[in-house]
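Overview (structure and organization)
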Amino acid sequence: MLQNNVNDKIDILGLNMEKMKEVFSIVGLKKFNASQVFDWLHNKLIFDFDKFTNISKNDRETLKKKFHLPILEYRAHQISEDGDTEKFLFELKDRKLIESVLISHKNRHTLCVSSQIGCLLGCDFCATATMKYERNLDTSEILLQFYYVQNYLSERGEKLGNVVFMGMGEPFLNYDNVIEAINILNSEKGQNFSKRNFTISTSGIIPGIKKFTEEERQINLAISLHSVKDSVRNEIMPINKKWNIKSLKEALLEYQKKTGNRITFEYILIEDLNCETKDAFELIAFLKNFSCLVNLIPYNPVIGKPYKTPSKRRQREFYDLLKDKNVNVTLRETKGQDIAAACGQLKVKKEMNSLNEK
Ligand code: SAH
Ligand code: SF4
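Keep in mind that what you see is a predicted model, and the values were worked out from it rather than measured. (Residues numbered from 1 in each chain as written. Chains lettered and ligands numbered in written order. Predicted model: local features only at pLDDT ≥ 70, side-chain atom pairs only at ≥ 80, totals over all residues. Heavy atoms only, no water.)

A word on the overall build of the protein chain
- Along the protein chain, the regular secondary structure elements total 12 helices and 14 strands.
- At 21 Å, the protein chain has a C-alpha radius of gyration in line with the 21 Å of a compact globule built from 358 residues.
- Over its C-alpha atoms, taken along the principal directions, the protein chain stretches across nearly 70 × 50 × 40 Å.
- Among the 358 residues that make up the protein chain, the fraction classed as buried is 54%. (Helix = DSSP H or I, 4+ residues; strand = E, 2+ residues; numbered from the N terminus. Rg over C-alpha atoms; globule rule 2.2 N^0.38 Å. Buried < 20%, exposed > 50% of the residue type's maximum accessible area, 1.4 Å probe, protein only.)

In structure tokens:
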């Protein structure tokens, strides 16, 4: 149940209120102490036991003896030329690196968080896939990405509006920690951040989609589709060999039936692969029974990969074909390309630099 224990100390940040109360009663603290500590950590975002001024010195000593506060060491920050995309590189307790991306549109801020260090799924177009998979992130490590950036924004009187699990990793392969982090962020005594403002993006992990269908009604679901043909998906997304388009479609129709939620489909446009006219018509046919939004994303080039971004004209033509058939569709501007803001690329660059330095 308790993760991330260091020298037998419990990671206090990853505990929801109920668990905190339970553990506090075991270590000799009062249940109301849990409300106070939860407020310092998840509402005030203060991560120093000595600053918990409404807790007696004795109890603070118990906290220090029994619990530890995980940290996220900020390592690098890059801002795109237009200033709308900012990338944060963080170091974890085991010195592994993860990243979060802040995308701003006027005063609306969306944070793209990581759920794992690396990813096991090996999509051929994705920078994260070229890194070594290390492990799932703990609940607290997911929370800290949010808290760090929330603190950063609060210095200029602003705050986060949305959170998307579209950074490094496959969130449905770290289901429990992702959902627990969302629940803690959602709790009234914490950030009170609406579940409707979260989106989980999956490459198509069917058991995860099924569990999510049963358990979660408010969090948004996005699917990395990229093609509706098994032959193409098999080539670029190995996960399709395990769960193909047919099983994905069945699971999503069930999700839609049970939740009534609109699904977002992410579709990367890759030249000569998935954005010809016939691909648009096949996509339209696939979408027929869905209430959805299609998010077209021009491919963000990854060093060493053969894929190309289609011309602006081709992107627009593909968009128009969908639009003409009344598909709810957006064409994303390629944002933050100058800082390589696609999935995983800051970390790759950093590792390459450090290799070069040696
Ligand atoms: N593993 C999850 C979430 C993280 S990836 C998933 O695959 O859905 C988040 C999104 O970034 C996915 O839609 C993914 O396909 C997309 N992506 C990955 N590499 C990209 C690239 N080079 N250019 C554009 N989008 C990319
Ligand atoms: Fe993993 Fe998503 Fe990248 Fe595929 S696109 S390798 S699932 S992070």
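Regarding the nonpolar core
- Counting 105 residues, the largest nonpolar core has Ile 12, Phe 67, Phe 125, Phe 265, Val 294 and Leu 322 as the members making the most contacts within it.
- Sequence-distant contacts of Phe 125, that is, excluding residues within four places in its chain, are made with His 226, Ile 236, Met 237, Ile 268, Ile 270, Tyr 299, Val 302 and Tyr 307. (Core = buried A, V, L, I, M, F, W, Y, C linked by side-chain atoms within 4.5 Å. Contact = heavy atoms within 4.5 Å.)

Comments concerning the site of ligand 1
- If you check the shell around ligand 1, you find 20 residues, and the closest are Ser 201, Ser 224, His 226, Glu 266 and Asn 300.
- Within the backbone of Gly 169, one N or O atom sits 2.9 Å away from a nitrogen atom of ligand 1.
- At a separation of 2.7 Å, an oxygen atom of ligand 1 approaches a polar side-chain atom of His 226.
- Burial of ligand 1 by the surrounding chains reaches 92%, relative to a free accessible area of 530 Å². (Near = heavy atom within 4 Å. Polar contact = N/O pair within 3.5 Å; in protein donor to acceptor, adjacent residues only side chain to side chain. Areas by Shrake-Rupley, 256 points an atom, 1.4 Å probe, with all protein chains shown as cover.)

Observations regarding unusual backbone geometry
- A positive phi angle, close to 60 degrees, is found at Asp 272, a residue other than glycine.
- The backbone phi angle of Asn 326 is positive, close to 65 degrees, even though this residue is not glycine.

Some points on helix H9 (residues 245-259)
- Along its 15 residues, H9 runs 21 Å from first to last C-alpha, staying within 8% of the 21 Å computed at 1.5 Å per residue.
- Along H9, the residues that are buried comprise Ile 245, Leu 248, Ala 251, Leu 252, Tyr 255, Gln 256 and Thr 259. For H9, the angular spread of the buried residues around the axis is 140 degrees, confining them to a single face. The exposed residues of H9 that point more than 90 degrees off its buried face are Lys 246 and Lys 257.
- In the core, the buried residues of H9 are packed alongside helix H6 (206-215), strand E11 (220-224), helix H7 (230-236), helix H8 (239-242), strand E12 (263-269) and helix H10 (277-287).
- Where H9 terminates, the next one or two residues include Gly 260, which has phi positive at roughly 70 degrees. (Expected span 1.5 Å × (residues − 1). Arc of directions from axis to C-beta.)

Some remarks on the pattern of salt bridges
- For the structure on display, the rule yields 27 salt bridges.
- Ionic pairing is found between Lys 19 and Glu 180, a salt bridge with its closest N-O pair at 3.0 Å. Of this pair, Lys 19 sits in helix H1 (residues 17-27) while Glu 180 is found in helix H5 (residues 175-186), placing the two residues 161 residues apart along the sequence.
- Glu 180 gets classed as buried once you look at its relative accessible area, which sits at 12%.
- Put simply, Glu 250 and Lys 246 hold a salt bridge, and the shortest N to O gap is 3.3 Å. One end of the pair is Glu 250 and the other is Lys 246, both in helix H9 and 4 residues apart, which spans about a single turn. (Salt bridge = Lys/Arg side-chain N within 4 Å of Asp/Glu carboxyl O.)

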